[in-house]
Amino acid sequence: MNPRSYVRSSAARFAALAVALLALLLGTAAPASAHAALIRTDPASGSVVATAPQRVVLTFSEGVLLSADSLRVLDPRGANVAVGTPGHADVADSGSTATVALKSGLGNGTYTVAWRAVSQDSHPVAGAFTFSIGSASRTTVDLSGAAAAGGGAASTLYGIARYVAYFGFALLVGGSVFLAVCWPRGALRRPLQRLAAGGWAALVGATIALIMLRGPYVNGGGLGGAFDLSVMRTSLESRPGAALLSRLLLLAAAAVFLAVLFGSYAKREDPEERADLAWGLGIGGSVVAVGIAATWAMAEHASVGIQRRLAMPIDVVHLLSMAVWLGGLVTLLVALWAPSMARAAVPAFAVRRFSVLALTAITLLVGTGTYQAWRQIGTWRAFTDTSYGRLLLIKIGLVATLVAVAWFSRRWTHALGRTTTTAAAAGAGAAKGTEVKSAEVKSGQVKAGAGRTGTGKAGAAKAGAAAVKEPAVTAAAGESAAAGGTATAEDTAGAADPTGTAEAETGSGGGQGAGAGDGGAPEGGDSKRAAQLRRQQAARSAAQARKAREADPARGALRRSVLVEAGIAVVLLTVTTMLSGSQPGRAAEEQKGLAAAPPAPSATSTVPGEVTVSVPYDTGGPKGSGTAAFSMSPGRAGVPNEVHLELTGAGSLPVDVPEVRLAFTLPAQRLGPIQVPLIRLGAGHYVATKVQLPIAGTWQMSLTVRTSDIDEVTETKNVEVTS
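Because the structure is a prediction, the values reported are computed rather than measured.

K.L.:
Honestly, the overall build of the protein chain in this entry has me stumped. Any pointers?
P.N.:
Secondary structure assignment for the protein chain yields 17 helices and 18 strands. Within the protein chain, the proportion of its 723 residues that are buried is 47%. Just so you have it, the protein chain exposes about 33100 Å², and 60% of that area is on carbon and sulfur atoms.

K.L.:
I'm lost on the packing of aromatic side chains in this one. Help?
P.N.:
In this description, a pair of aromatic rings is defined by centroid distance and the angle of the planes. Tallied over the entire structure, the rule returns 10 aromatic pairs. Among the aromatic residues, those joined into a ring-pair cluster are Tyr166, Phe169 and Trp296. One residue, Arg247, lies across the ring of Trp296, its end atom 3.9 Å from the ring centre.

K.L.:
For this particular structure, what's the right way to read helix α7 (residues 308-337)?
P.N.:
Every α-helical turn comprises 3.6 residues, leaving residues that sit three or four positions apart pointing alike. The terminal C-alpha atoms of α7, which comprises 30 residues, lie 43 Å apart, in line with the 44 Å expected from a rise of 1.5 Å per residue. Here α7 lies mainly inside the structure; 23 of its 30 residues are buried.

K.L.:
Whenever I open this one, the sheet that holds strand β7 (residues 97-102) confuses me. Can you help?
P.N.:
Paired through backbone hydrogen bonds, the strands of a sheet run either parallel or antiparallel to each other. Taken together, 4 strands build an open sheet; the order of strands is β1-β3-β7-β6 and the sheet is antiparallel. Unpaired on one side and paired on the other, β1 (38-42) and β6 (82-87) mark the two borders of the sheet. With direction set aside, neighbouring strand axes in the sheet form an average angle of 15°. Across 5 bridges, the pairing between strand β3 (residues 55-60) and β7 is antiparallel.

K.L.:
Before we go on, may I ask you to explain empty space enclosed by the protein in this structure?
P.N.:
Scanning the model with the defined rule gives 1 cavity of 30 Å³ or more in all. Counted as a void, the largest cavity has a volume near 150 Å³. Along the walls of the largest cavity sit 14 residues, with Ser122, Tyr158, Leu244, Arg247 and Glu300 positioned nearest its centre. Every element with two or more residues in the lining of the largest cavity is listed here: α2 (152-182), α3 (190-219), α5 (239-267) and α6 (271-297). For the lining of the largest cavity, the element with the most residues is α5, which contributes 4 residues. Partitioned by chemical class, the residues of the lining of the largest cavity number 7 nonpolar, 3 polar and 4 charged.

K.L.:
Honestly, the nonpolar core in this entry has me stumped. Any pointers?
P.N.:
Across soluble globular proteins, you tend to see nonpolar side chains buried next to one another. Grouped together as the largest cluster of nonpolar side chains are 87 residues, with contacts concentrated most on Phe169, Leu261 and Val346. Leave out the neighbours within four places in its chain, and Leu261 touches Ser176, Leu179, Ala180, Ala187, Ala266 and Leu281. Within the second largest apolar cluster, 34 residues are counted, among which are Ala628, Leu662, Ala688 and Leu693.

K.L.:
Which parts of the structure should I look at to understand the sheet that holds strand β18 (residues 712-721)?
P.N.:
On the basis of which strands lie adjacent, the open sheet formed by 4 strands has the order β14-β13-β17-β18 and antiparallel pairing. Edge positions in the sheet fall to β14 (671-676) and β18, since each has one partner strand and no second. Between one strand axis and the next, the sheet turns by 25° as a mean value, whatever way the strands run.

K.L.:
Would you mind showing me how to read a nonpolar patch on the surface here?
P.N.:
A cluster of nonpolar residues, Leu157, Ile160 and Leu223, forms a patch on the protein surface that exposes about 210 Å² of accessible area. Mapped onto the elements, Ile160 comes out in helix α2. Classification of Ile160 by relative accessible area gives partly exposed; the value is 32%.

K.L.:
Help me understand the pattern of salt bridges, please; the structure alone is not making it clear to me.
P.N.:
Between side chains of opposite charge, a pair can form as their charged atoms come close. Scanning the model with the defined rule gives 6 salt bridges in all. In this structure, the salt-bridge partner of Asp656 is Arg680, at a minimum N-O distance of 2.7 Å. Of the two residues, Asp656 sits in the loop between β12 (641-648) and β13 (659-666) while Arg680 sits in strand β15 (residues 679-682), which places them 24 residues apart along the sequence. Taking relative accessible area as the criterion, Asp656 reaches 43% and is therefore assigned partly exposed. What emerges from the salt-bridge pattern is a single network uniting Arg390, Glu659, Arg661, Arg706 and Glu712.

K.L.:
Honestly, α3 in this entry has me stumped. Any pointers?
P.N.:
Its 30 residues place the ends of α3 43 Å apart at the C-alpha level, agreeing with the 44 Å of an ideal helix rising 1.5 Å per residue. Along α3, the sharpest change in direction is near 45° and occurs at Leu213; proline Pro216 comes one to four residues later.

K.L.:
What's the story with the pairing of strand β10 (residues 611-618) in this structure? I'm lost.
P.N.:
In regular strands, side chains alternate between the two faces of the sheet. Burial of the side chains of β10 is restricted to one face: Val611, Val613, Val615 and Tyr617 are buried, whereas none of Thr612, Ser614, Pro616 and Asp618 on the reverse face is. Two strands pair when backbone bridges link them, and β10 and strand β11 (residues 625-633) are joined in this way by 8 bridges, in the antiparallel orientation. Bridge pairing links Pro616 to Thr627 in β11. Here β10 folds back onto β11, and the loop between the two strands holds 6 residues, one of which, Gly620, carries a positive phi near 90°.

K.L.:
Sorry if this is basic, but what is going on with the packing of α6 against α7 here?
P.N.:
Angle between the axes and distance between the axes: these two values describe a pair of packed helices. Two elements in contact, α6 and α7, have axes whose closest approach is 9 Å; the angle formed by their N-to-C orientations is 120°. In terms of orientation, α6 lies oblique with respect to α7. Judged by the twist between their axes, the crossing of α6 over α7 is right-handed. Where α6 abuts α7, its residues Ala289, Val290, Ala293, Ala294, Trp296 and Ala297 lie against Met312, Asp315, Val316, Leu319 and Leu320.

K.L.:
I keep staring at the side chain of Thr704 and nothing clicks. Help me out?
P.N.:
By secondary structure assignment, the location of Thr704 is in strand β17 (residues 697-706). What Thr704 contacts, discounting residues up to four positions off in sequence, is Glu659, Val660, Arg661, Glu712, Val713 and Thr714.

K.L.:
So what exactly am I meant to see when it comes to the confidence of the model for the protein chain here?
P.N.:
Detailed conclusions should not be drawn from predicted coordinates in areas where pLDDT is low. When the pLDDT values of the protein chain are averaged, the result is 74; 71% of them are 70 or greater. Within the model, pLDDT remains below 50 along residues 1-34, and this stretch shows 34 contacts once partners closer than five positions in the same chain are excluded. Every residue in residues 420-522 scores below 50 in pLDDT, and together they form 83 contacts with partners more than four places removed in sequence or on other chains.

K.L.:
Sorry, what's going on with the side chain of Thr295 here?
P.N.:
One can find Thr295 in helix α6. In contact with Thr295, not counting residues within four places along its chain, are Ala243, Ser246, Arg247 and Leu250.

K.L.:
Quick question: what am I supposed to make of the packing of α3 against α5 here?
P.N.:
Where α3 contacts α5, the two axes come as close as 10 Å, and the packing angle between them is 165°. In terms of orientation, α3 lies roughly antiparallel with respect to α5. As α3 packs across α5, the resulting crossing turns out to be left-handed. Along its contact with α3, which presents Gln193, Ala196, Ala197, Trp200, Leu203, Val204, Thr207, Ile208, Leu210, Ile211 and Arg214, the element α5 presents Pro240, Leu244, Leu245, Arg247, Leu248, Leu251, Ala254, Ala255, Leu258 and Phe262. The class makeup of the residues in the contact of α3 with α5 is 17 nonpolar, 2 polar and 2 charged.

K.L.:
Mind showing me how you'd approach unusual backbone geometry here?
P.N.:
Residues apart from glycine generally show negative phi values, whereas peptide bonds are mostly found in trans. For the bond running from Asp42 to Pro43, omega is 5°, close enough to zero to count as cis. Of note, Pro43 is situated in the loop between β1 and β2 (48-49). Of note, the amide linkage connecting Ser633 to Pro634 takes the cis form, showing an omega dihedral of 10°. When you line up the elements, Pro634 lands in the loop between β11 and β12.

What counts and how
- Residues numbered from 1 in each chain as written.
- Predicted model: local features only at pLDDT ≥ 70, side-chain atom pairs only at ≥ 80, totals over all residues.
- Heavy atoms only, no water.
- Helix = DSSP H or I, 4+ residues; strand = E, 2+ residues; numbered from the N terminus.
- Buried < 20%, exposed > 50% of the residue type's maximum accessible area, 1.4 Å probe, protein only.
- Areas by Shrake-Rupley, 256 points an atom, 1.4 Å probe, with all protein chains shown as cover.
- Phe/Tyr/Trp six-rings, centres within 6.5 Å; stacked < 30°, edge-to-face > 60°.
- Lys NZ or Arg CZ within 6 Å of the ring centre and 35° of its normal.
- Expected span 1.5 Å × (residues − 1).
- Pairing = 2+ DSSP bridges.
- Axes fitted to C-alpha atoms, helices over the stretch in contact; angles between N-to-C directions.
- 1 Å grid on protein atoms, 1.4 Å probe; cavity = no way out; pocket = protein on both sides within 12 Å on 5 of 7 lines; lining within 4 Å.
- Points joined across faces, edges and corners; volume = space filled by probe spheres on them.
- Nonpolar A, V, L, I, M, F, W, Y, C, P; charged D, E, K, R; others polar.
- Core = buried A, V, L, I, M, F, W, Y, C linked by side-chain atoms within 4.5 Å.
- Contact = heavy atoms within 4.5 Å.
- Patch = residues over 30% accessible without salt bridge, like charges linked within 9 Å, V, L, I, M, F, W, Y side chains within 5 Å.
- Salt bridge = Lys/Arg side-chain N within 4 Å of Asp/Glu carboxyl O.
- Bend = angle between axes of the 7 residues up to and from the residue.
- Parallel < 35°, antiparallel > 145°, perpendicular 65-115°, else oblique.
- Left-handed = near helix turned anticlockwise from the far one by under 90°.
- pLDDT = per-residue confidence, 0-100.

If you want it as structure tokens, here you go:
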């Protein structure tokens, strides 16, 4: 197979694998998990109060951003009884609360509270609950205008744009650092220029898409809202919107940085002048890179929770370390594999410089990542009890695997060029002896030719001079390699013929000598013959250079190990994107600990009738299959219901599982999910009381069963709730 065709097909397969993996993970993933969890309400969810409250207060696990329609309180007939604009309560941690006043003189019955907010880390949250005044009653509220937060096509596109933004940032920063620090001459190579510029373009495009999709993503509306200027203006007035706008401005400065990097810096020959320019380029580029990384830190996980002032700069260091390592790795991959880089392969000193740089980045990445894990997880149990913890375990495993592969790459980096250097040094001695003999032979040919014709004498002299020149150049290349000690095969080829003129001269001289020695052929024939010889010699030179590079076993092993590293890095970046869209383990544990526990189950139901559903499940692990028997009595909307859930395994015996969760969603009205807190009564038996579903309809029940640290499944069933 043609080597170039093989490289192209390998690159195409790698790109197809990356796209397929991204599509699989994003296509099968649920909408972004809520980051601000509702942990308390006043009045309490499902409670019956004697007198009408003056306002409704919701308390979240972290700060939330509110809008004019964040809270609606609907009476049994569906009328909104909230007064004024929702705001934060006047308490110590007011940013994590939402409250709205109610009309005076509210009558008895069941009221529905529909709420929607945006977490301080930029992710939307929504839900609903009910409370009753005097006694429970039927309710006919219409929530068709309420949109689910964080779902639909806007959510999927928003997630893809976030992934592209991370990947573009890594290519921009990592590629720029590689070209500025490790291989300045590489900034003149088109493939590497396209890579860094492509990262810049990807980040710009993804940022614009995030600004446009921000409104529909938060509000749960259609994609038409992406082109609504009023929605876009509202999004830009929020903290996440301001961060995205700041990122665009910083990317304009990044374009100037790339222009200088690919222009005057790469072309500067004088080391002192390049050093002066490098200082300015390094300071300016560092400021821009830190600023872009800060746009994530000020709007995501680091901006909320404990130790925010410390967490944000640490998050910036974490992002920059990731970008330098992964982006530089992709740049090295292109330098090693791109067909157009065959004649100008990346030198060994550049690979060694990146090896040191990558080791520093990995050290910072592990240190900052450990702090972030402690800050977001909080407890050891959260590693296995929360989706955030399980994703974090996967990320830790991927990082460990990547470090192990990088260790092998580092070994090949140290061995790079040693084999070919030894061969070049040995060839240099042989070339010196050959040079003397060749000169003597050619001199004899000149003298012999001198007795024939004047024309033949001149032609033989030219041929002899050209013949002597070629071995002399080869010997000089071998001596340069032997003296350098660390020169690689491509360095040797470059020393022997940096511009390709030696081969051309040799071919031309040979053509002229042959033509003249034959008695003087016409000038036109000499010109065609010389051109043909030049092409043949150029092709032979390129083939020899490629063969010399492939003869270095360390370089071949390095190419393969870097390819494996890049593949793992793509998966790692995808998991990181999913991790940033999941609820932190600390918040999930706080929600479990602070949520009010339901009272003990009552002995009888208030209304006869019952809804029963059998839900088979299989988590895929050992003893992971079983059946969940669900029952809800009386199975009516607007009244307290009692829920029982019994899990049985093989032989219909009760089984205990580490975790079971239950939630209800009404897709027709875009209501939910309404989480149902379960209490364990016995082996495999769970119960919840005073579960109120606000309106009648076909509710979708989601049952999540986890049988081990990694084996989990979510099953859905439709449940008909009457009025």
